[in-house]
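# Inside the fold
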Amino acid sequence: MRTQYSTRPREQVSAILKREQRYLSAAEIHGLLRKSRQNVSLSTVYRTLDLLAGKGEASARVDAGGETTYVVCDQTHHHHAVCRKCGKVQDVSCEAIESVASALRTHHGFKLADHEMQFFGTCGACK
Ligand SMILES: [Zn+2]
Ligand SMILES: [Zn+2]
Ligand SMILES: [Zn+2]
């Protein structure tokens, strides 16, 4: 008889993140796993999220309540557009930042080396 070990927590957790495409806390992921009858302990979820974030497969963000939340992400440089209504996170390319970088250089003599940015608004499905 096959045991449950064939699906590892890492696959289960990243499957949830890929399906939801929004920032989720460990507790929320744990709840979603339970709802689909997947038995993973909360501490395993925490450990798995740490692992995924360490490998660059998920991106972490501390929300307004101080809780760390995660979204699935690839490693190439990009930005996030977060829907304030449904929480959906879309990956956005960095092209718009180019003009900001050149304006900083021209007007302030400032050479931009790095930046972090997130966009908040309403997604196409929610408008
Ligand atoms: Zn991303
Ligand atoms: Zn939305
Ligand atoms: Zn960028």
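What you are looking at is a predicted structure, and each value in this text was computed from that prediction instead of being measured.

### Comments concerning unusual backbone geometry
Within the chain, Gln21 stands out as a residue other than glycine whose phi angle is a positive 50 degrees. For Gln21, the location among the structural elements is in the loop between helix 1 (9-20) and strand 1 (24-25). By relative accessible area, which is 28% here, Gln21 ends up partly exposed. Look at Arg37: it is not a glycine, yet its phi comes out positive at around 60 degrees. Counting through the fold element by element, Arg37 comes out in the loop between helix 2 (26-35) and helix 3 (42-54).

### Digging into the confidence of the model for the chain
This prediction gives the chain a mean pLDDT of 90; 94% of its residues lie at or above 70. Here residues 1-6 scores under 50 on pLDDT; set against residues more than four positions off or in separate chains, the count is one contact.

### Looking at the layout of surface pockets
Estimated volume of the largest pocket: approximately 370 Å³. Taken together, 19 residues form the lining of the largest pocket, with Ser59, His78, His80, Glu116 and Met117 sitting closest to its centre. Taken together, the elements giving at least two residues each to the lining of the largest pocket come down to strand 2 (58-62) and strand 4 (79-83). A per-element tally of the lining of the largest pocket places strand 2 first, with four residues. Residues lining the lining of the largest pocket come from more than one domain, with at least three contributed by each of domain 1 (1-75) and domain 2 (77-127).

Scoring rules and cut-offs
- Residues numbered from 1 in each chain as written.
- Chains lettered and ligands numbered in written order.
- Predicted model: local features only at pLDDT ≥ 70, side-chain atom pairs only at ≥ 80, totals over all residues.
- Heavy atoms only, no water.
- Helix = DSSP H or I, 4+ residues; strand = E, 2+ residues; numbered from the N terminus.
- Buried < 20%, exposed > 50% of the residue type's maximum accessible area, 1.4 Å probe, protein only.
- pLDDT = per-residue confidence, 0-100.
- Contact = heavy atoms within 4.5 Å.
- 1 Å grid on protein atoms, 1.4 Å probe; cavity = no way out; pocket = protein on both sides within 12 Å on 5 of 7 lines; lining within 4 Å.
- Points joined across faces, edges and corners; volume = space filled by probe spheres on them.
- Domains from an automatic or database assignment.

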